[in-house]
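# Close look at the chain arrangement
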Amino acid sequence: MIELKHLEKKFHIGDQVVHALDDVSLRIEQGEYIAVMGPSGSGKSTLMNILGLLDRANSGDYLLDGINASALGEAERTRLRSDKIGFVFQSYHLVPRLTARENVELPMMLSGIPVKQRKKAVDDVLDKLNLMDRAHHSPNQLSGGQRQRVAIGRAIVMKPSILLADEPTGNLDSKSGEEVTKLLESLNDEGITLMIVTHDPTLGARARRQLNMLDGRIV
Amino acid sequence: MLWSDIVSFITQVLSRHRFRTIVLWVAIAIGVVAVNLLTALGEGAKSFVLEEFNVLGRNTLIILPGKKETTGGMPPLTGESPRPLTLEDAQFVSRLSGVKSVAPIVVGNLEASYAGKIREALTIGSSRDFFIIRQLSVAQGNILPELDLDKGEAVCVIGNQLQKELFGQQSSLGQRIRIGDTRFRVIGVLKKGGTSFGFDMDDVIIVPVANAQSLFNVDGLFRLFAEVRVYQQLDTVKRAIVDLLTERHEGEEDVTVISQDAMLSSVQEILDILTIAVAGIAAISMLVAGILIMNMMMITVSQRVKEIGLLKAMGATSSTVRTLFLCEAGLIAIVSSLSGLLLSHVITSIANLYFTDLQFYPPWWAQVGSIVLAVVFALLFSWLPAQRASTLSPVEALQGKQQKETT
């Protein structure tokens, strides 16, 4: 469960102050499927970064499963992030020198999980995403849809409670996009909280709850 | 992150960026090779020089007439007239319990002639033991016979060069040559030995000491070599000799006894300083390699900004990122410096095959030092880039921007 209380985030661009988030309060239950929509500069990415513990708000509180993330130090936020949050990016952000399998394994490796335990978890994920036969391919040998599936595998391998997807189908053709969306939805059906940031109204419309943002506010 | 994972992660990075890895590898290896080769050269030269000085063996004491002081101060007002060191002194010294053998020395230049050919040659009067102490051996014939020190015999051993000049292709053994105004029978020819310790041993005549004294008409000895039985007794024997000669010289200490080690240690000191200076110059090449590492790591960090952002988003802490970059530099430094060390051994081994006079071998401190220095420099110079990488903000790094985290 996520609770945001009066979040404020300001950026200074030149001598201008931009309110990326302006008094945002929000409550998200476990297992929700939410689409965040709005024009560029409306603050959706900032909201996403703060929810993903990649960025901090200037003021306000962020409670993640009862933990006040605003009060934590950087190392603790990193641990919390790797335990609870999975990221899916528009441009996949796979490490090009690693194979599909190694990319999926990366978060577990960074958390120092023993090799044996890792192997099982990665096998499970690859199996679930139908990527077993692509496990030893490098990202540039994969199609866009396959790359995004690898990225989703990497996002869920640590069994997070929240999946944050920033334009997950933005770089994909409609067929692959549809596959990826279905995959994300099936993960949501299994209980993960899914939050998608998108420009695409049809994708946004599929979510059970829509948040429209404008000038740093939820409208 | 597990150490095994760190190593495999870095290995993947290094093998992926092959060009960069090779450039760093070469730079560090060159530094290590430079340090090892130059010190090997220094050490080789040192052992060559020390060997030259070492012909006497470290069990040998050199006794000089007169008290030689190096402490400075006012010279004595009365004229110095040291008592000569005599053959009798030599005989007394030879009877001391710790002394194995003595070789009294009388030297001078005399004309030697044979069949109308005249050569001026350094003439050394000594005993059979002189050959043993100086490690001289003959190519033909024999060394001087065993004689009482005060008994002469008109025989001589001549140097290789002198034999050629006086006799040409002819055999010299058994022939009589005139030295000064006495005729001596040649009983041996020295092996070609080259110069050592200032004496050109190819161009000398060695006669029994008693004959030399009468040739030069002197009582005193130029110096006296005494060989002790065991090295551990060197100082005791030295003291005993001084005491004995002081007593024999009416209570006045008018001889100087020096050991080989005392002479060597000053030479060694100079050569050591030279070697260290050379090593220091070589270490500068390591510094250059270090700066290259810093530049390369800086470029790496810029190139891999997105990856760093991703690693951070995936749960890598700042210290994990820093560790990854430091270990990357450390690993390459270890691998390159070890291969540089290997290369220096290959080069010195080849050099040793071709230059048999000089033996090159990098000293252990240079081997260890060059590796430690390479790794320390690598870590030191990659600290800044690693620090920069670790402070990148994940949000901006993911977008490819290189700004510092603002927290």
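Below: a short report on this structure. Residue numbering note: each chain is counted from 1, following its sequence as written. Here chains are named by letter from A upward and ligands by number from 1 upward, in the order in which they appear as written. Local features in this predicted model are restricted to residues of pLDDT 70 or higher, and side-chain atom pairs are both shown and tallied only at a pLDDT of 80 or more, whereas totals for entire chains, interfaces and linings draw on every residue. In computing side-chain values, all of the structure's heavy atoms are included and hydrogens and water are not.

### Some details on unusual backbone geometry
All names here are of chain A.
- At His93, a residue that is not glycine, the phi angle is positive and equals roughly 50°.
- Within the fold, His93 resides in the loop between β6 (85–88) and α3 (100–110).
- By relative accessible area, His93 is classed as buried at 12%. Helical segments are the DSSP runs of H or I of at least four residues, strand segments are the runs of E of at least two, and each set is numbered from the N terminus. Think of it in three bands: residues with accessible area under 20% of the maximum for their type are buried, residues over 50% are exposed, and the middle band is partly exposed, with areas taken using a 1.4 Å probe on protein chains only.

### Notes on the packing of aromatic side chains
- Think of it this way: a Phe, Tyr or Trp ring, Trp meaning its six-membered ring, pairs with another when their centres are within 6.5 Å, and the plane angle makes it stacked under 30 degrees, edge-to-face over 60, tilted otherwise. Applying the stated criterion across every chain yields a total of six aromatic pairs over all chains.
- A ring pair is formed by Phe87(A) and Phe89(A), whose centres lie 5.8 Å apart and whose planes are at 5°; its orientation type is stacked.
- For Phe89(A), a relative accessible area of 10% corresponds to the buried category.
- Relative to Phe225(B), the ring of Phe130(B) has its centre 6.5 Å away and its plane inclined at 5°; by these criteria the two rings are stacked. Pair noted here: Phe130(B) is in helix α4 (residues 128–133) and Phe225(B) is in strand β11 (residues 223–228), with a separation of 95 residues, a long-range link. Note on accessibility: Phe130(B) and Phe225(B) belong to one class, buried.
- Each member of the aromatic cluster is reached from another via a ring pair, and the members are Phe130(B), Phe131(B) and Phe225(B).
- Charge-over-ring contacts are defined here by two conditions on Lys NZ or Arg CZ: a distance within 6 Å of the ring centre and an angle within 35 degrees of the ring normal. The ring centre of Phe9(B) lies 4.9 Å from the NZ or CZ of Arg97(A), which sits over that ring.
- The residue whose ring lies beneath Arg95(B) is Phe92(B), and the NZ or CZ to ring-centre distance is 5.1 Å.

### A short note on the interface of chain A and chain B
- Contacts are assigned to residue pairs that have any heavy atoms within 4.5 Å of one another. Each partner contributes to the interface: chain A provides 26 residues, whereas chain B provides 24 residues.
- Put simply, buried area is the surface a 1.4 Å probe can reach on two separate parts but cannot reach once they are joined, added for both. Contact between chain A and chain B buries roughly 2300 Å² in total, counting both sides, with carbon and sulfur atoms accounting for 65%.
- Side-chain atoms alone can form a polar contact between residues adjacent in sequence; in general such a contact is a pair of N or O atoms within 3.5 Å, and within protein one must be able to donate a hydrogen while the other accepts it. Between the two partners, chain A and chain B, sit six residue pairs in polar contact (both at pLDDT 80 or more).
- Broken down by secondary-structure element, the contributors of at least two residues to the side of chain A that touches chain B are α2 (74–84) and α3 of chain A.

### So, the sheet that holds strand β9 (residues 209–214) of chain A
Residues and elements named next belong to chain A.
- Spatially, six strands are ordered β6-β7-β8-β3-β9-β10 in an open sheet, and the strand pairing comes out mixed. Of all the strands in the sheet, the pair left with one neighbour each is β6 and β10 (217–218).
- Strands are labelled as partners when DSSP assigns at least two bridges between them. Examined bridge by bridge, strand β3 (residues 33–37) and β9 share four bridges and lie parallel to one another. The partner of Met37 across the bridge, within β9, is Asn212.

### Describing α3(A)
- In terms of burial, α3(A) is largely enclosed, as 10 of its 11 residues are buried.
- Packed against the buried residues of α3(A) are α4 (115–128) and α5 (144–156) of chain A together with α1 (3–16), α9 (305–313) and α10 (318–354) of chain B.
- Backbone geometry just downstream of α3(A) places Gly112(A) in the positive-phi region, at approximately 75°.

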